[in-house]
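Spelled out, the chains give:
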Amino acid sequence: MRRKGALAFMIAVLVATLMPWYPMQAGAAAPGLFAQIKKQGQVTVATEAAYYPFEFVDNGKIVGYDKDVLDAIIKAWGIKLNQLDLPFAGILPGLEAKKFDFVATALLINPDRAKKYAFTMPVAQVKVGLLKRKGDPRVTSVSDLSGLVIGSGTPPAGPTVIFMHYNDTLKAQGKGVKAQKMFASSPDEFLALSNKQVDAVVDSTPVLLGAMRKFPGVFELVGTFGTPFWVGWVTRPDNLDLRDAINAQIRKLRDSGELARLQKKWFGYTMEIPDSGYLPPGAIR
Amino acid sequence: MKFDLSVITSNWQLFARGFGVTLVYCGVSSILGLCLGLVVALARLSRSVWLRGPAVGFVELIRDTPFLVQVFVIFFVVPASGLTISATTAGIAALTLYGGAYFSESIRGAILSVPRGQTDAAHAAGMSHVLAMRRIVFPQMMAYLIPPLTNQLIGLVKDSSVLSIITVPELTMATQRVLGTTFAPIEAFSMAALLYWVLTACLAALMGRLEHHTPTHRAARQTTAFLTVADR
Amino acid sequence: MTFEPRYVVQALPFLIRGARLTLEVSLFAIALGLVVGVLLTIIRQSRIKPLEAAASIYISLMRGTPLFIQILIVYFGLSEIGVDLPRFLAGVIALSLNSGAYITEMIRGGLTAIPPGQRDAAKALGMPNRYLWGHILLPQVLFLIMPPLTIEFTGLLKASALLSVIGVVELTRTSQEIIIGTFRPVELWLTAATFYFVMCFVLGAVARRFERVAAAYRA
């Protein structure tokens, strides 16, 4: 029965390809995830490498501010980094599904998220701002957006969520936007802005400034709104040991001045990073 | 694993609106696509190389590239030529071109399935070419047209989910927005899948009824069964 | 914005790597899809009503919902029930589960092209079902469905672009990544489209060749 043998072989190959993955599950929900990572000598991290200058791909490699910070942490831990580049839509669901150990991508710390995920201490502080095509007379200030089409990321993108609340207050004064377009990634927002498919783009300030550097003379910053926001990374809520281990390293980098150096390198300016008070009420601590 | 129904019930408005947008986009592009498909099919059957060539090129171009990439090209590359194109226009245009290319193949096949002798006879009886097409060919080709067309219309509905990438607020975009606030992928995606399933099942049933009303459907069924290559 | 060829040249090595992954993912998916298709065919011929009904629902679901959604469900859903798959494998499985539903229809079509006399003869000879399927029907069907199967393969090549959503860095995701760094959508999307076009066009020509051979065999 030659054919039967072939079928058995095929099944065997299938089983053999599927089986080895089970013990490799990234981060089972055991309490000592950090110890486990150290023991394995490898950590799996997710990044949405589409947020210049925080994280993006250059010459086939993930680079950017967060990447430099992450590399410094991994070096201090003395382990191997397995970094995945995922579209934003896959980042938070993927963390919950235990596809990776933690997320190292710029996430605004907001109350909704802080209740679901354990935020590390901030790596940056940003404001949410509005960018327009240079010299467009229709966009005059952040406090009147009537008749405008605004582009932003798809929720749960942090700046978008903040902007939606902000727009609600404008709407009450009759100055809300005409339409809000949601993009899968930030470069798409800027391409659409330069193609006149939207009138202005909402995003965090370093990203807007980054786009202005990428397209010299095309865009101009209209202004910022709201209070400043902290930007951090997240772990699953039951992996606080890992979160604390990351915090310890970020604190070290800040105290040694390395964090400020990296901020200067990628953003052109530095930020004060606090030890506490960055988590909203009700957050996982 | 628990299935949290409140994810769906508390966001039903978002789902309903997304479903509505999907319906409108698919409806408009199906009609435009059928018109385009007919023109392309007739061009491919024409004797002039100047009509046939571009028609073949167009169909191959659409059939040999992913819809996702076509959408990106229309939304991000076309404006580089100075044309302003909104997400709505880009979405409808992408679906129409895509549908038109595939529909044209079905229409061409259906026209060819009507024996040549019948058009010859119509001409001999003094009918003009247009009249022969309208009175003799089109009514008979419907039975051959509907089965492959059903598959392609279903394909169009499913592929419209890709338009979420260029900000069209259709069902998949609505699902991602629900995901953004609830962080419940299983519930949100299951609901989306169910809605698409209902839509495509209704479409198939509707087309099935239509097919039943064509006089030659029995004969045609048997010959097209093997020929149909379904589209994803 | 103008078309600057140097961005294409710069991106070429990465795009080639992405195209290779696109081919790999599709190749694995069509192989596994064929297995799924054969299994579904066997189930549908089993004469066990509940199994047949389940297969019909499965096929209807796979064909009636967007692949985009199916990919997301396989990737995020499977891990919620405790099965964790790397992205490449999740991608292959999502594509092949979907493809199997189409392939089983092709097999069904192929079976109708085999003269029923062959089955009757096998039955008359007292041949066991296993032997009839394994040695007589399936080999012929596999040969007969080569043309639509090749077209299905090009379908998978195109469909694999959707795997960019779960972070499989194939051709489309590679292009996206480069656009993010360079902000050059014109050069990158046109080049990516060309890559897909060449791959699918060549395979389409192969399918037409198969079609001629298969037609000669059927005659």
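Not measured: the values here are computed from a predicted model.

Colleague: Outline the confidence of the model for chain C, listing residues and values.
Modeller: Here chain C averages 90 in pLDDT, while 96% of its residues score no lower than 70. Ranking the elements of chain C by mean pLDDT puts helix α3 (residues 67-80) of chain C last with 81 and helix α1 (residues 5-44) of chain C first with 95.

Colleague: How would you sum up the environment of Val202 of chain A? Please name residues and give values.
Modeller: All names here are of chain A. In this fold, Val202 is placed in strand β11 (residues 200-204). In this structure Val202 comes out as buried when scored by relative accessible area, which is 1%. Separated by 23 residues in sequence, Val202 and Ala179 place their C-alpha atoms 13 Å apart. Once you skip the residues sitting within four places of it in the chain, Val202 turns out to touch Val128, Gly129, Leu130, Ile150, Gly151, Ser152, Pro159, Phe163, Glu189 and Phe225.

Colleague: I'd love a proper account of the pattern of salt bridges, names of residues and values included.
Modeller: Residues and elements named next belong to chain A. On inspection of all chains with the given rule, the structure shows 23 salt bridges over all chains. Here Arg251 ties to Asp275 by a salt bridge, and the two come within 2.7 Å at their closest N and O atoms. With Arg251 in helix α9 (residues 240-255) and Asp275 in the segment after α10 (258-267), the pair connects residues that are 24 residues apart, well separated along the chain. According to the relative accessible area criterion, Arg251 is partly exposed, its value standing at 30%. Among the charged side chains, a salt-bridge network with shared partners connects Arg133, Asp136, Arg138 and Asp199.

Colleague: I'd love a proper account of the sheet that holds strand β2 (residues 50-51) of chain A, names of residues and values included.
Modeller: Residues and elements named next belong to chain A. On the basis of which strands lie adjacent, the open sheet formed by three strands has the order β2-β3-β4 and antiparallel pairing. Two strands lie at the open edges of the sheet, namely β2 and β4 (61-63), each paired on one side alone. Pairing between β2 and strand β3 (residues 55-58): two bridges, direction antiparallel. Looking across to β3, one finds that Ala50 is bridged to Phe56.

Colleague: Tell me about the interface of chain B and chain C, and name the residues and values.
Modeller: Listed as interface residues are 37 residues of chain B and, on the opposing side, 47 residues of chain C. Carbon and sulfur atoms make up 73% of the surface buried where chain B meets chain C, a total of about 3500 Å² over both sides. Across the contact surface, chain B and chain C share zero salt bridges. Here chain B and chain C share eight residue pairs in polar contact (both at pLDDT 80 or more) between them. Taken together, the elements giving at least two residues each to the side of chain B that touches chain C come down to α3 (49-63), α4 (67-77), α7 (129-159) and α9 (185-212) of chain B. Considered class by class, the residues forming the side of chain B that touches chain C number 24 nonpolar, seven polar and six charged.

Colleague: I'd like to hear about a nonpolar patch on the surface, residue by residue, with values.
Modeller: Residues Leu23, Val24, Val28 and Leu32 of chain B make up a contiguous nonpolar surface patch of about 310 Å² in total accessible area. Looking at the element boundaries, Val24 of chain B is found in helix α2 (residues 12-45).

Colleague: Describe the packing of aromatic side chains, with residues and values.
Modeller: Residues and elements named next belong to chain A. Enumeration according to the criterion identifies 24 aromatic pairs over all chains in this entry. Taking the centre distance of 4.8 Å and the plane angle of 50° together, the rings of Tyr65 and Phe267 count as tilted. Of the two residues, Tyr65 sits in helix α3 (residues 65-77) while Phe267 sits in helix α10, which places them 202 residues apart along the sequence. By relative accessible area, which is 0% here, Tyr65 ends up buried. Classification of Phe267 by relative accessible area gives buried; the value is 5%. Consider the rings of Phe190 and Phe219, whose centres lie 6.2 Å apart with planes at 45°: the pair is tilted. Here Phe219 lies in strand β12 (residues 219-235) and Phe190 lies in helix α7 (residues 186-194), a separation of 29 residues in the sequence. Among the residues examined, Phe190 registers a relative accessible area of 2% and is labelled buried. Phe219 gets classed as buried once you look at its relative accessible area, which sits at 3%. Taken together, the ring pairs in this structure connect Tyr51, Phe54, Tyr65, Phe267 and Tyr269 into an aromatic cluster.

Colleague: Kindly report on the side chain of Glu55 of chain A, identifying the contributing residues and their values.
Modeller: Residue and element names in this part refer to chain A. By the element assignment, Glu55 lies in strand β3. Of the side chains with opposite charge, Lys67 lies nearest to the buried Glu55, which makes no salt bridge, at 10 Å. There is a polar contact of 3.0 Å between the side chain of Glu55 and the backbone nitrogen of Ala106. Leaving out residues up to four positions away in the same chain, Glu55 has contacts with Thr47, Glu48, Ala49, Ala50, Val63, Gly64, Asp66, Ala104, Thr105 and Ala106.

Colleague: Could you give an account of the domain arrangement of chain A, with specific residues and numbers?
Modeller: All names here are of chain A. The domain boundaries assigned to chain A delineate domain 1 (28-123 + 232-267) and domain 2 (126-229). Summarising the inter-unit geometry, the C-alpha centres of domain 1 and domain 2 are found 27 Å apart. Each side of the interface is counted separately: domain 1 has 13 residues, and domain 2 has 19 residues. For the domain 1 and domain 2 pair, buried surface summed over both sides reaches about 1300 Å², with 64% attributable to carbon and sulfur atoms. The largest contributions to the domain 1 side of the interface with domain 2 come from Tyr51, Tyr52 and Leu108, which together make up 46% of the buried area. Summed over the shared surface of domain 1 and domain 2, the number is zero salt bridges. Summed over the shared surface of domain 1 and domain 2, the result is four residue pairs in polar contact (both at pLDDT 80 or more). Looking at side-chain class alone, the side of domain 1 that touches domain 2 contains 11 nonpolar, no polar and two charged residues.

Thresholds applied
Residues numbered from 1 in each chain as written. Chains lettered and ligands numbered in written order. Predicted model: local features only at pLDDT ≥ 70, side-chain atom pairs only at ≥ 80, totals over all residues. Heavy atoms only, no water. pLDDT = per-residue confidence, 0-100. Helix = DSSP H or I, 4+ residues; strand = E, 2+ residues; numbered from the N terminus. Buried < 20%, exposed > 50% of the residue type's maximum accessible area, 1.4 Å probe, protein only. Contact = heavy atoms within 4.5 Å. Salt bridge = Lys/Arg side-chain N within 4 Å of Asp/Glu carboxyl O. Pairing = 2+ DSSP bridges. Buried area = accessible area lost by both parts, 1.4 Å probe. Polar contact = N/O pair within 3.5 Å; in protein donor to acceptor, adjacent residues only side chain to side chain. Nonpolar A, V, L, I, M, F, W, Y, C, P; charged D, E, K, R; others polar. Patch = residues over 30% accessible without salt bridge, like charges linked within 9 Å, V, L, I, M, F, W, Y side chains within 5 Å. Areas by Shrake-Rupley, 256 points an atom, 1.4 Å probe, with all protein chains shown as cover. Phe/Tyr/Trp six-rings, centres within 6.5 Å; stacked < 30°, edge-to-face > 60°. Lys, Arg positive; Asp, Glu negative; His and termini not counted. Domains from an automatic or database assignment.

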